[in-house]
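These are the residues of each chain, in order.
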Amino acid sequence: MTWSTPKNCLAFTFSFSDTVRLLAKMMTPMRYVLLALGIIVGLHYILSFTHDEYGKATSVSRLTDYISGSGAPHRETVPDQYYKPPEPIYAPDRKANATFVMLVRNSDLVGIMSSMKQIEDRFNRKFNYPYVLLNDEPFTEDFKKYISALTHAEVEFGLIPKEHWVQPAWIDEEKATEARDNMVKQNVIYGGSIPYRNMCRFNSGFFYRQELLQKYRYYWRVEPDVKFFCDVDYDPFLLMQDQQKVYGFTISLFEYPATIPTLWHHVKAFINENPGLIPADNAMAFLSDDGGESYNRCHFWSNFEIADMDFWREEAYSKFFDYLDEQGGFYYERWGDAPVHSIGAALLARKDQLHFFNDIGYRHEPFQHCPQGELHSKSRCWCDPDQNFGKSFCSEIISKRGVLTPSFKDYEWYSCLNKYDMLLR
């Protein structure tokens, strides 16, 4: 077999034997090349195992980074020697039996990470209380990984049983659908949402029944995308415990009347059927301006609450919730957990068992509480004091009868803080 060039070029041919001789001559230097490569590779592996810095610098991942551009010098991490050693975890002499509770979905990851990071920076890095996160669907592994990385405290993830979350089978769906449609026409916020109603019912009467929460007494509710403006250098859980408080809040306001048209009617029926459960020194005056005949719609905004789960678990509130639940108002209307919790706490606890956390700066869109005066600087708050939902000013005036009585001017007309203040006067 021969190869030849066209006739108009310098003709030449190679026989098969000529080709073999040529390849043999080429292989002689090739052997030296292969030998040299072998020596280089061997030295590379020896140096990789005996010199860590060399191994890191010549690793496949490092070389790949440089090839892709991600290994540029400005992307290199800061050497460990420049970092401050981590501070030892503070171990307080005394802690309450308490936890944070977060009801979230997997899609809330970024929002709840923001809230949790603020809680850690402002309070929990000093006190190391655990977290319980609840979801009506299983949490993803990525969700659990990113949340757990934010704290040294214990974090547990729970799946809510269907019977605690979904609309009960005994609800008349035709009646419920008609109610939702009417609320949509009236532009009532979440008026057409079944999941929102599920959430309100769950928070009102089922969250404290979850298996992961049975070992705890006190809880601090935290929601996605909220802000905590101030350092909390004391333990609110111990304050609740030592002073026998059952419910703590930061913001109080009026409920939308279209969402609770028959709620107070059923509350009054419960009171009439269970007079022995109602303490004489309760906070009825926060709820009603006429001794309980009508509801003034004041409630504590429950997206922030620090409270005693044993209070919810006791006979009085259990009967109260079960009675309301049987009326179907969570689905035939749009009863929220805020008025249900607020009415339950104000009716069934003594008024001195409620607590206003005036020194905890907090925002849940669109409202916020910002501590005033010395509290603002003492707690290193970063909120604007003038942007405050419930700022009350007290001045004593002399009535016509010569009796000193408190007069309050609420910063925002739709705040109920003045009614709470009047309870304690």
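Note: the structure precedes this text.
Since we're looking at a predicted model, the values are computed, not measured.

Rules used throughout
- Residues numbered from 1 in each chain as written.
- Predicted model: local features only at pLDDT ≥ 70, side-chain atom pairs only at ≥ 80, totals over all residues.
- Heavy atoms only, no water.
- Disulfide = S-S within 2.5 Å.
- Helix = DSSP H or I, 4+ residues; strand = E, 2+ residues; numbered from the N terminus.
- Buried < 20%, exposed > 50% of the residue type's maximum accessible area, 1.4 Å probe, protein only.
- Polar contact = N/O pair within 3.5 Å; in protein donor to acceptor, adjacent residues only side chain to side chain.
- Pairing = 2+ DSSP bridges.
- Phe/Tyr/Trp six-rings, centres within 6.5 Å; stacked < 30°, edge-to-face > 60°.
- Lys NZ or Arg CZ within 6 Å of the ring centre and 35° of its normal.

## Structural notes on the state of the cysteines
Right, on to step 1. Here the structure, examined in full by the defined rule, presents three disulfides.
Right, on to step 2. Through a disulfide, Cys230 is tied to Cys381; the S-S separation comes to 2.0 Å. When the S-S torsion is 115°, as for the bridge of Cys230 with Cys381, the disulfide is right-handed. Of this pair, Cys230 sits in the loop between β5 (227–228) and α8 (236–242) while Cys381 sits in the loop between α15 (374–378) and β13 (392–398), placing them 151 residues apart in sequence. Comparing Cys230 with Cys381, the two get one shared label, buried.

## Some remarks on the environment of Asp352
Right, on to step 1. Note on placement: Asp352 falls in the loop between α14 (337–348) and β10 (354–356).
Right, on to step 2. Along the chain, Asp352 and Ala283 lie 69 residues apart, while their C-alpha atoms are 8.5 Å from each other.
Right, on to step 3. Here Arg350 takes part through its side chain, which lies 3.0 Å from a polar atom of the side chain of Asp352.

## What to know about the sheet that holds strand β12 (residues 367–369)
Right, on to step 1. What the three strands build is an open sheet, ordered β5-β11-β12; its pairing is antiparallel. The sheet is open, and its two borders are formed by β5 and β12, each paired with just one other strand.
Right, on to step 2. Two elements, β5 and strand β11 (residues 362–364), share two bridges in a ladder whose sense is antiparallel. Its bridge partner lying in β11, Phe228 is registered against Tyr362.

## Re the packing of aromatic side chains
Right, on to step 1. In total, this model carries 43 aromatic pairs according to the counting rule given.
Right, on to step 2. On the numbers, 5.4 Å between centres and 85° between planes, the contact of Phe207 with Tyr208 is edge-to-face. Each member of the pair, Phe207 as well as Tyr208, carries the same accessibility label: buried.
Right, on to step 3. Over the aromatic face of Tyr332 sits the side chain of Lys175, whose NZ or CZ is 4.2 Å from the ring centroid.
Right, on to step 4. If you follow Arg209 out to its NZ or CZ, it ends over the ring of Phe206, 4.6 Å from the centre.

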